[in-house]
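Summary of structural features
Now for the letters of each chain:
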Amino acid sequence: MKLAILSRNTKLYSTRRLVEAARTRGHTVRVLDPLRCYMRISSEGFSLRYKGRPIEAFDAVIPRFGTSVARYGNAVLHQLELMGSFAPNPSAAFARARDKLRCQQLLAAEGIGLPVTVFGDNPDDTDDLLAMLGPPPHVIKLNEGMQGAGVMLTEKPSASRGAVEALRGLYANFLVQEFIAEAQGADLRCFVVGDQVIGAMQRQAPAGDFRSNLHRGGSATAAVATEEEQAVAVRAAQVVGLGIAGVDLIRSARGPLVLEVNASPGLEGIEAVTGQDIAGGIVEHLAARVGTGRPRRARRHISNGT
Ligand code: ADP
């Protein structure tokens, strides 16, 4: 199989591990900086060049670029898809996964459990918006928050109102959720590949915090997801359209609830904690999907680099 990884940095743990896992299994792998890819789009076909040379179609492509290059990176990913590469995380799904609200709507529409969430725009509606959610405690999250920064807990109505007003003053996009107290500061990261959870870890918030992010001092241990949790995680990834995903679940009294579906889940934490070869699992899944290792037929792909 010929594999491409779209990543800005070959030294990142996840990128390195995917390269290593592909090579040890006899595949060809290339890391492409999406910002150095440039493309020709015409109704006759698609071509792509990289640092002055033509790029032939790959059998499979894995996007590993961050939000800062999301728009351009997604165009490169789409181009490779149009040239015949199998993308477990296609550009449309990769873009969708970055939009928390949209994902919540899609997941809820499929009956997947989520913390009840409200969001609104006009400050005049704040009281009614919070009333739609019910009494505090509330969890308020910035839409573009990462690794637990921008996630706060309010225990009184006046605190919820104050936080919402402060965020509006900063023109920030946010959502407000019911607080799942019974999770006791823990969440469960399920690593989904295809229709399976190939690894799981539980993350526990440090004493005095409800956020279990490792960047906030949380600790992680290997975990076994129940059958129900595995089914919810796989279904959530499928609803967003992802073949590779890190699905964060929170264990509530009414069953597993999805907190987030991550389209570019890190490998370092989960491999360290579980001792499993997650990168190898991804590569083997891709190789099985693309078949014999011969390139798939490109869709009107012009290979002469014009
Ligand atoms: P981020 O995307 O910044 O990591 P998350 O939505 O994953 O934000 O929230 C960070 C952490 O806060 C989660 O890992 C979880 O431990 C905790 N948390 C988030 N939402 C809730 C909630 N509704 N109820 C209880 N705890 C929550």
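Here the protein chain is described as being made up of domain 1 (2-89), domain 2 (116-179) and domain 3 (182-289). Computed over C-alpha atoms, the centres of domain 1 and domain 2 are 38 Å apart.

Right, let's talk about the environment of Thr154 for a bit. By the element assignment, Thr154 lies in strand 9 (residues 151-154). By relative accessible area, Thr154 is classed as buried at 6%. Taking the C-alpha atoms as reference points, Thr154 and Ala181, 27 residues apart in sequence, are found 12 Å from one another.

Because an α-helix completes one turn every 3.6 residues, residues spaced three or four positions apart along the sequence face the same direction. Every buried residue belonging to helix 4 (residues 100-109) is among Leu101, Cys103, Gln104 and Leu107, and all of these are buried. The buried residues of helix 4 occupy an angular sector of 160° when the element is viewed end-on, so they sit on one face. Elements that come into contact with the buried residues of helix 4 comprise helix 3 (91-97), strand 7 (117-118), strand 10 (174-178), helix 7 (227-240) and strand 15 (255-262). Two residues or fewer past helix 4, Gly111 is found with a positive phi of approximately 80°.

Looking now at a nonpolar patch on the surface. Taken together, the side chains of Leu35, Tyr38 and Tyr72 make up a nonpolar region of the molecular surface, amounting to roughly 260 Å² of accessible area. Among the structural elements, Tyr72 can be located in helix 2 (residues 70-82).

It is worth spelling out unusual backbone geometry at this point. Here the bond from Pro136 into Pro137 is cis, since omega is 5°, no more than 30 degrees from zero. Relative to the helices and strands, Pro137 is located in the loop between helix 5 (126-133) and strand 8 (138-142). The backbone phi angle of Lys51 is positive, close to 45°, even though this residue is not glycine. Within the secondary structure, Lys51 sits in the loop between strand 4 (45-50) and strand 5 (53-55). Judged by relative accessible area, Lys51 falls into the partly exposed class, the value being 48%. Despite not being glycine, Tyr171 has its phi angle at roughly 55°, a positive value.

Neighbouring the ligand are 21 residues; Lys141, Gly148, Glu178, Asp187 and Asn213 lie closest to it. Between an oxygen atom of the ligand and a side-chain N or O atom of Ser212, the distance comes to 2.9 Å. Within the side chain of Glu260, a nitrogen or oxygen atom sits 2.9 Å from an oxygen atom of the ligand. Taken by itself the ligand offers 540 Å² of open surface, and the protein chains cover 97% of this. Looking at the shell around the ligand residue by residue, the classes come out as nine nonpolar, six polar and six charged.

Below, the discussion takes up the environment of Val69. Residue placement: Val69 occurs in the loop between strand 6 (60-63) and helix 2. Spatially, the C-alpha atom of Val69 lies 10.0 Å from that of Ser7, the residues being 62 residues apart in sequence. Discounting chain neighbours no more than four positions away, the residues touching Val69 are Arg8, Pro34 and Leu35.

What follows covers the state of the cysteines. By the definition in use, this model includes zero disulfides. Of the cysteine sulfurs around Cys103, a residue in no disulfide, the closest is that of Cys190, at 16 Å.

Conventions used here
Residues numbered from 1 in each chain as written. Predicted model: local features only at pLDDT ≥ 70, side-chain atom pairs only at ≥ 80, totals over all residues. Heavy atoms only, no water. Domains from an automatic or database assignment. Helix = DSSP H or I, 4+ residues; strand = E, 2+ residues; numbered from the N terminus. Buried < 20%, exposed > 50% of the residue type's maximum accessible area, 1.4 Å probe, protein only. Arc of directions from axis to C-beta. Contact = heavy atoms within 4.5 Å. Patch = residues over 30% accessible without salt bridge, like charges linked within 9 Å, V, L, I, M, F, W, Y side chains within 5 Å. Areas by Shrake-Rupley, 256 points an atom, 1.4 Å probe, with all protein chains shown as cover. Salt bridge = Lys/Arg side-chain N within 4 Å of Asp/Glu carboxyl O. Near = heavy atom within 4 Å. Polar contact = N/O pair within 3.5 Å; in protein donor to acceptor, adjacent residues only side chain to side chain. Nonpolar A, V, L, I, M, F, W, Y, C, P; charged D, E, K, R; others polar. Disulfide = S-S within 2.5 Å.

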